[in-house]
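# Survey of secondary and tertiary structure
Chain by chain, the residues run as shown.
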Amino acid sequence: MKPKTKVIHAGIFGDDHTGAVTVPIYQTSTYKQEAVGITKGYDYSRTANPTRHALEVLIKELEYGKAGFAFGSGMAAISSVLMLLNSGDHIVITDDVYGGTFRVIDKVFKRLGISATFVDTSDQKKIEGAITEKTKAIYLETPTNPLLKITDIKKTAEFAHRKGLLLIVDNTFATPYWQHPLQLGADIVLHSATKYIGGHSDVVAGLVAVSSDELAEKIGFIQNSVGAVPGPQDAWLLIRGVKTLALRMEQIEANARKIAEFLEAHPKVVKVYYPGLEHHPGHELAKSQAEGFGGMISFDAGSGEAADRLLAKVQYFTLAESLGAVESLISVPARMTHASIPKPRREELGITDGLIRLSIGIEDAEDLIADLKQALDD
Ligand SMILES: *Cc1c(COP(=O)(O)O)cnc(C)c1O
């Protein structure tokens, strides 16, 4: 099945009972038992719900996994995966990881005895240098947020497996349309489905797919025990979102390339970060491990004041947190998504006050470019 067919035909098609072509929203918390323990496969909706199950089969198939799991947010997915670790364990993790991921590790998991070393995982030597006797997992985000750094998933997987470590990949930015970490050797892939998978800025959710039955059993146990699951309506919205994932990603990709080239040529733009640009340090690697570069572009406007002037002028780019939806969004990571990272550390990472992050939507590229042009030229 080709990718565009897959987003329509993967997972569970419609409803056998009625012939409905969409999976119904099973808005129920519990299920009638014929006798004690005699069920139709469902007994309580924290454990399993048919609408959520359809979504879980879908993400499993899109990510070429053994099993899929849905969560109430990307952070719930990430936290549930990190609960595979025990007190005393250590992980190596991408340094410019999503701000909330940094926070939950630094403020919550650290308190529970799980330590982490944040390194630039686009440099394999730095990953290898950070491993200790206590390391149990490597956690990657690629491309990263907001600097779009690229890590070699296959090489990292080979290294992780030589050392007996788990490889976890946050695939939110690349989407299961462009990049398949499990096929490159990762053990667990996860998403903030709030972003491209939902795609319409109307649902908060997370998804996980795993490569083995053993991991499926462990994550399934944590999912049911902790209970950070989405409701059936949100699960249904994600199934609906996936149906247009291919169309959206193709349009977003085409727009993003044009906009990155426009920004690159503009005299007021200090630097552009987009893996689709040839000078981007991860360009060749991105091309080899994913079928697209995605719709995130960051650029340095020079200063916080310049960034503020631009924000005040743009019309089609909505100032908002989040990314990956049909409408283009603009943000200043230093004061928004990455504000929870201390300033000295932000500066160290290159997340300057003038750094602007664009999430490209599916509008007409000419309008988006004209909008940025009038805001920059002013
Ligand atoms: C948004 C995001 C998350 C967190 O997901 P929520 O759905 O907001 O909880 C994790 N990773 C990445 C890369 C994200 O962009």
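Conventions used here
- Every chain begins its residue count from 1, and numbering advances along the sequence as written.
- Only residues with pLDDT of at least 70 are given local features in this predicted model, and only at 80 or more are side-chain atom pairs given and counted; all residues enter the totals for whole chains, interfaces and linings.
- Calculated side-chain values reflect all of the structure's heavy atoms, with hydrogen atoms and water omitted.
- UniProt positions are given in the numbering used here, feature names are shortened, and annotations may be inferred rather than shown by experiment.
- Nearness here has a simple test: a residue counts as near a molecule or strand if at least one of its heavy atoms is within 4 Å of that partner.
- Here a polar contact is recorded for every N or O atom pair within 3.5 Å, except that within protein the pair must consist of a potential hydrogen donor and a potential acceptor, and residues adjacent in sequence are included only if both atoms are side-chain atoms.
- The way it works is that DSSP assigns letters per residue, a run of H or I at least four long becomes a helix, a run of E at least two long becomes a strand, and they are numbered from the N terminus.
- When residue character is reported, Ala, Val, Leu, Ile, Met, Phe, Trp, Tyr, Cys and Pro are called nonpolar, Asp, Glu, Lys and Arg charged, and the others, Gly included, polar.
- Buried means the residue's accessible area, taken with a 1.4 Å probe over protein chains only, is under 20% of the maximum for its type, while exposed means over 50%, and partly exposed covers the values in between.
- DSSP-based pairing: two strands are paired if at least 2 bridges between them are found.
- Interaxial angles span 0 to 180 degrees and are taken between N-to-C directions of axes, which are lines fitted to C-alpha atoms, for helices over the stretch in contact.
- The criterion used for residue contact is that any of the two residues' heavy atoms lie within 4.5 Å.
- Think of a 1 Å grid over the protein atoms and nothing else: a 1.4 Å probe that fits but is trapped marks a cavity, an open set flanked by protein within 12 Å on at least five of seven lines marks a pocket, and residues with an atom within 4 Å of a point count as lining.
- Grid points are joined across faces, edges and corners, and a volume is the space filled by probe spheres set on the points.
- Boundary definitions for the domains trace back to an automatic or database domain assignment.

Naming follows an unreviewed UniProt entry, where the protein chain appears as Bifunctional cystathionine gamma-lyase/homocysteine desulfhydrase of Sporolactobacillus shoreae. Listed under Cofactor (unreviewed entry) in UniProt, the entry text for the protein chain is "pyridoxal 5'-phosphate". As stated in UniProt under Sequence similarities (unreviewed entry), the record for the protein chain gives "Belongs to the trans-sulfuration enzymes family."

Taken together, 14 residues lie around the ligand, and Met75, Asp170, Ser192, Thr194 and Lys195 are the ones closest in. Measuring from an oxygen atom of the ligand, one finds a backbone N or O atom of Met75 at 2.8 Å. Take Thr194: an N or O atom from its side chain is 2.6 Å from an oxygen atom of the ligand. At 3 residues, helix 3 (residues 74-82) tops the list of elements feeding residues into the shell around the ligand. Its residues assigned to classes, the shell around the ligand comprises 6 nonpolar, 5 polar and 3 charged.

With 6 of 7 residues buried, strand 4 (residues 135-141) is to be regarded as a mostly interior element. Pairing of strand 2 (residues 90-94) with strand 4, which is carried by 4 bridges, proceeds in the parallel orientation. Bridging from a neighbouring strand, Ile93 pairs with Tyr139 of strand 4. Examined bridge by bridge, strand 4 and strand 5 (residues 166-170) share 5 bridges and lie parallel to one another. When the bridges of strand 5 are listed, Ala137 appears paired with Leu166.

Right, let's talk about the sheet that holds strand 6 (residues 188-192) for a bit. Across a sheet, strands are paired by hydrogen bonds formed along the backbone, either parallel or antiparallel in direction. Reading across from one edge, 1-7-6-5-4-2-3 is the order of the 7 strands in this open sheet, with mixed pairing throughout. At either end of the open sheet lies a strand with only one pairing partner, and these are strand 1 (67-71) and strand 3 (115-119). When strand polarity is set aside, the average angle formed by the axes of neighbouring strands in this sheet is 20°. The pairing of strand 1 with strand 7 (residues 206-210) spans 5 bridges and is classified as antiparallel. Counterpart to Phe71 in the pairing with strand 7 is Gly206. Most of the contacts of helix 3 go to strand 6, to which it runs at about 155°, and overall it touches strand 1, strand 2, strand 4, strand 5, strand 6 and strand 7.

The final tally for this structure, using the stated rule, is 2 cavities of 30 Å³ or more. Computed from the structure, the largest cavity encloses a volume of approximately 130 Å³. What lines the largest cavity is a set of 16 residues, among which Ile8, Ala10, Ile12, Ile239 and Lys243 lie closest to the centre. Within the residue set of the lining of the largest cavity, elements represented by two or more residues are helix 1 (3-9), helix 2 (50-62) and helix 9 (232-243). In this structure, the second largest cavity occupies an estimated 70 Å³ of space. As for the second largest cavity, its lining consists of Thr142, Pro143, Ile150, Ala174, Gln179, Pro275, Ala286, Gln289, Ala290, Gly292, Phe293 and Gly294. Looking at side-chain class alone, the lining of the second largest cavity contains 7 nonpolar, 5 polar and no charged residues. Shared between two domains, the lining of the second largest cavity holds at least three residues of each, these being domain 1 (3-243) and domain 2 (247-377).

The next subject is the layout of surface pockets. If you add up the space inside the largest pocket, you get close to 480 Å³. Lining of the largest pocket is provided by 18 residues; of these, His17, Tyr26, Lys40, Tyr42 and Pro50 occupy positions nearest its centre. Along the lines of polarity and charge, the residues of the lining of the largest pocket split into 9 nonpolar, 4 polar and 5 charged.

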